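So you can see what is in the structure, the chains are spelled out below.
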2 protein chains.
Amino acid sequence: MTTQERPRAPLSKERVLAAAVALADAGGVEALSMRKLAHTLGVVPMALYKHVRNKDELLDGVVDAVVGEIDPPDGGAGWKDIVRRRVLSARQVLLRHPWASRVIEERTRARPDPTPAVMTYMDSMIGIFRAGGFSIDLTHHAMHVMGSRLLGFSQELFEDSGPAQPAEPPPPEFAERFPHIAELVMGISHDAGTVVGPGCDDQFEFEFALDLVLDGLDRLRRQAGRVASSSSSST
Amino acid sequence: MTTQERPRAPLSKERVLAAAVALADAGGVEALSMRKLAHTLGVVPMALYKHVRNKDELLDGVVDAVVGEIDPPDGGAGWKDIVRRRVLSARQVLLRHPWASRVIEERTRARPDPTPAVMTYMDSMIGIFRAGGFSIDLTHHAMHVMGSRLLGFSQELFEDSGPAQPAEPPPPEFAERFPHIAELVMGISHDAGTVVGPGCDDQFEFEFALDLVLDGLDRLRRQAGRVASSSSSST
DNA sequence: ACCTGAACACCGTTCAAGT
DNA sequence: ACCTGAACACCGTTCAAGT
């Protein structure tokens, strides 16, 4: 027998990247090594270097694969709605790939420019602000203010409780060391009307922050329009 | 001769952490390996494990050493000014240790709770909001909105140009692929009155975003005060 | 010309052997 | 009892040897 009809499909950069994303989805970013990826594909590690110059280029490709999953802007009423919907769709993508925000940050920092798909995404977002009546200067500030939130994530250094019990009171020595945190945790647990599982609704908090920032930008845009903007450029 | 009077000072956790911070300052976070750190201290790698359980605990200690450098809140006029000054002082610390924000994020994500010094810092910040008249709910939202900006950093995915020339026009194929980015880059270069070196004043952008967020929070605080805030989600 | 196993220079950490 | 060298199980990548 031994038909031996191509025991493995021929490798391609797409196949390599797709396998890399799947590997990270399954085991986190620390599971994404050249050696493990090669093993997954039934291939010797060196074979990967035919499709990817090195690991950095692999990670760049992975970033673009993930960012490429974000929906294009769909029709919305006004710039704010369009930005809002697209950011929330980006957030959905990153919830599917929880490891990706770290890699995006890492690779963006390591390169002179962001990765091509990130550049395309940013370009599109800038276009939405411009079409919405933002001056070049204000658009520039807006991009900085939004930061990584544009791509649907923000580093929350304040991940209260995680999957904790609704009203687990902190131990007394905790309340003594961190009285204000303790008060906050208790206060949040008490009104757990909408939130059942974890002590804190991440989606709500993300949208809260997003809306606060978008409203702030809208206010500046309207001010600039009314005052006819006497600043350095943008007249 | 061979006086042999203690060829090296006795190791202590403080000395290990200080050396680790210095090593990262000198060579970036990728230079901070247990082996290199031991070498720096004139010690065999295993000797470090007497003062630190493993590398994660080393990184936790390093995070706390850096966060411990942030000035305590000094007198300011009102909560907004106090928060603002402290955040900007945190930013100064992180400019001294450019690798630290990555490590803070990483370790915060990896642990159930933030590191002790980060907890103390957060507790103090919460206290400032509360003293400033923020309800528990609004303080909670404020902490999420501020996110890592509280510690003086924010991931800018839009690091335009870096140390580039003031008015280097992008190549034509760039302008074709990313027309809006090209327009932005050109627009910013043109009004380079205040900024000389890089194409973009990071300190200005950071303060711009910080003020936008603080103003937004202030508006919500005043609204809540006026409406007398009806329970869980502030009608 | 192509492919790939062994090797190199690293990692963090374990563990047993030496004092 | 203490300390530490060698070893283990990884890593990304080079390189020379085999086909």
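Rules of the game
Residues numbered from 1 in each chain as written. Chains lettered and ligands numbered in written order. Predicted model: local features only at pLDDT ≥ 70, side-chain atom pairs only at ≥ 80, totals over all residues. Heavy atoms only, no water. Phe/Tyr/Trp six-rings, centres within 6.5 Å; stacked < 30°, edge-to-face > 60°. Helix = DSSP H or I, 4+ residues; strand = E, 2+ residues; numbered from the N terminus. Buried < 20%, exposed > 50% of the residue type's maximum accessible area, 1.4 Å probe, protein only. Near = heavy atom within 4 Å. Polar contact = N/O pair within 3.5 Å; in protein donor to acceptor, adjacent residues only side chain to side chain. pLDDT = per-residue confidence, 0-100. Contact = heavy atoms within 4.5 Å. Buried area = accessible area lost by both parts, 1.4 Å probe. Salt bridge = Lys/Arg side-chain N within 4 Å of Asp/Glu carboxyl O. Nonpolar A, V, L, I, M, F, W, Y, C, P; charged D, E, K, R; others polar. Core = buried A, V, L, I, M, F, W, Y, C linked by side-chain atoms within 4.5 Å. Least-squares fit on C-alpha atoms with pLDDT ≥ 70 in both.

Chain A is annotated in an unreviewed UniProt entry as Regulatory protein, tetR family of Jiangella alba.

(A) Focus on the packing of aromatic side chains. Residues and elements named next belong to chain B. Under the defined criterion, the tally for this structure stands at ten aromatic pairs over all chains. Centroid distance tryptophan 79 to phenylalanine 134: 4.7 Å. Interplanar angle 80°. Geometry classified as edge-to-face. Of this pair, tryptophan 79 sits in helix α5 (residues 78–96) while phenylalanine 134 sits in the loop between α7 (116–131) and α8 (136–146), placing them 55 residues apart in sequence. Each member of the pair, tryptophan 79 together with phenylalanine 134, is buried. With a centroid separation of 6.1 Å and 40° between ring planes, the pair formed by phenylalanine 204 and phenylalanine 208 is classed as tilted.

(B) Looking closely at the protein's contact with DNA strand C. Close to DNA strand C lie Arg35, Val44, Met46 and Lys50 of chain A together with Ser33, Met34, Arg35, Lys36, Met46, Tyr49, Asn54 and Lys55 of chain B, which account for all nearby residues. For DNA strand C, the backbone makes up 44% of the atoms found within 4 Å of the protein, where backbone means sugar plus phosphate. At a separation of 3.2 Å, a phosphate oxygen of DNA strand C approaches a polar side-chain atom of serine 33 of chain B. Lysine 55 of chain B is positioned such that a nitrogen or oxygen atom in its backbone is 2.9 Å from a phosphate oxygen of DNA strand C.

(C) Examining the confidence of the model for chain A more closely. All names here are of chain A. Of the residues in chain A, 83% reach a pLDDT of 70 or more, and the chain-wide mean stands at 86. Here residues 162–166 is a poorly scored stretch, pLDDT under 50, and it has seven contacts once near neighbours within four places are set aside; other chains count. A low-confidence stretch, residues 194–198 (pLDDT under 50), is modelled with seven contacts involving residues beyond four sequence positions or located in other chains.

(D) Geometry of the protein's contact with DNA strand D. Around DNA strand D sit Ser33, Met34, Arg35, Lys36, Met46, Tyr49, Asn54 and Lys55 of chain A together with Arg35, Val44, Met46 and Lys50 of chain B, and that is every residue in its neighbourhood. Within 4 Å of the protein, atoms of DNA strand D come from sugar and phosphate in 46% of cases. A distance of 3.0 Å is found between a phosphate oxygen of DNA strand D and a side-chain nitrogen or oxygen belonging to serine 33 of chain A. Within the side chain of lysine 36 of chain A, an N or O atom sits 3.5 Å from a phosphate oxygen of DNA strand D. For the surface near DNA strand D, the element with the most residues is helix α2 (residues 34–40) of chain A, which contributes three residues.

(E) Structural detail: the interface of chain A and chain B. Taken residue by residue, the interface counts 60 residues in chain A and 59 residues in chain B. For the pair chain A and chain B, the two sides together bury roughly 5500 Å², of which 66% comes from carbon and sulfur. It is His144, Gln155 and Leu157 of chain A in chain A that bury the most area against chain B; as a group they hold 15% of the surface buried on that side. The tally of links from chain A across to chain B stands at five salt bridges. The closest approach of N and O atoms between glutamate 105 of chain A and arginine 109 of chain B, which form a salt bridge, is 4.0 Å. Scanning the region where chain A abuts chain B turns up twelve residue pairs in polar contact (both at pLDDT 80 or more). If you list the elements that add at least two residues to the side of chain A that touches chain B, you get α6 (100–110), α7 (116–131), α8 (136–146), α9 (172–177), α10 (179–190) and α11 (202–227) of chain A. The class makeup of the residues in the side of chain A that touches chain B is 28 nonpolar, 17 polar and 15 charged.

(F) Summary view of the nonpolar core. Membership of the largest hydrophobic core comes to 141 residues, with the highest contact counts inside it found for Met146 and Leu151 of chain A together with Met146 and Leu151 of chain B. If we ignore the near neighbours within four places in the chain, the residues touching leucine 151 of chain A are Val67, Ile70, Ala90, Arg91, Leu94, Ile104, Val118, Tyr121 and Met122 of chain A together with Leu157 of chain B.

(G) Geometry of the relation of the copies chain A and chain B. If you rotate chain A by 180° and push it 0.0 Å along the axis, it lands on chain B with an RMSD of 0.0 Å. The symmetry that links the two subunits is that of a two-fold axis. Most of the interface of chain A is mirrored in chain B, where 98% of its interface residues again form contacts.

(H) Spatial organisation of the pattern of salt bridges. Residues and elements named next belong to chain B. By the definition in use, this model includes 35 salt bridges over all chains. For lysine 13, the salt bridge goes to glutamate 57, with nearest N and O atoms at 3.5 Å. Highlighted residues: lysine 13 in helix α1 (residues 13–27) and glutamate 57 in helix α4 (residues 55–67), separated in sequence by 44 residues. Taking the shortest distance from any N to any O, the salt bridge between arginine 222 and aspartate 218 comes out at 3.6 Å. Of the two residues, arginine 222 and aspartate 218 both sit in helix α11 (residues 202–227), four residues apart, roughly one turn of that helix.

(I) Structural view of α6 of chain A. For α6 of chain A, the set of buried residues is Ala100, Ser101, Val103, Ile104, Glu105, Arg107 and Thr108 of chain A. Buried positions along α6 of chain A lie against α4 (55–67) and α5 (78–96) of chain A together with α6 (100–110) of chain B.

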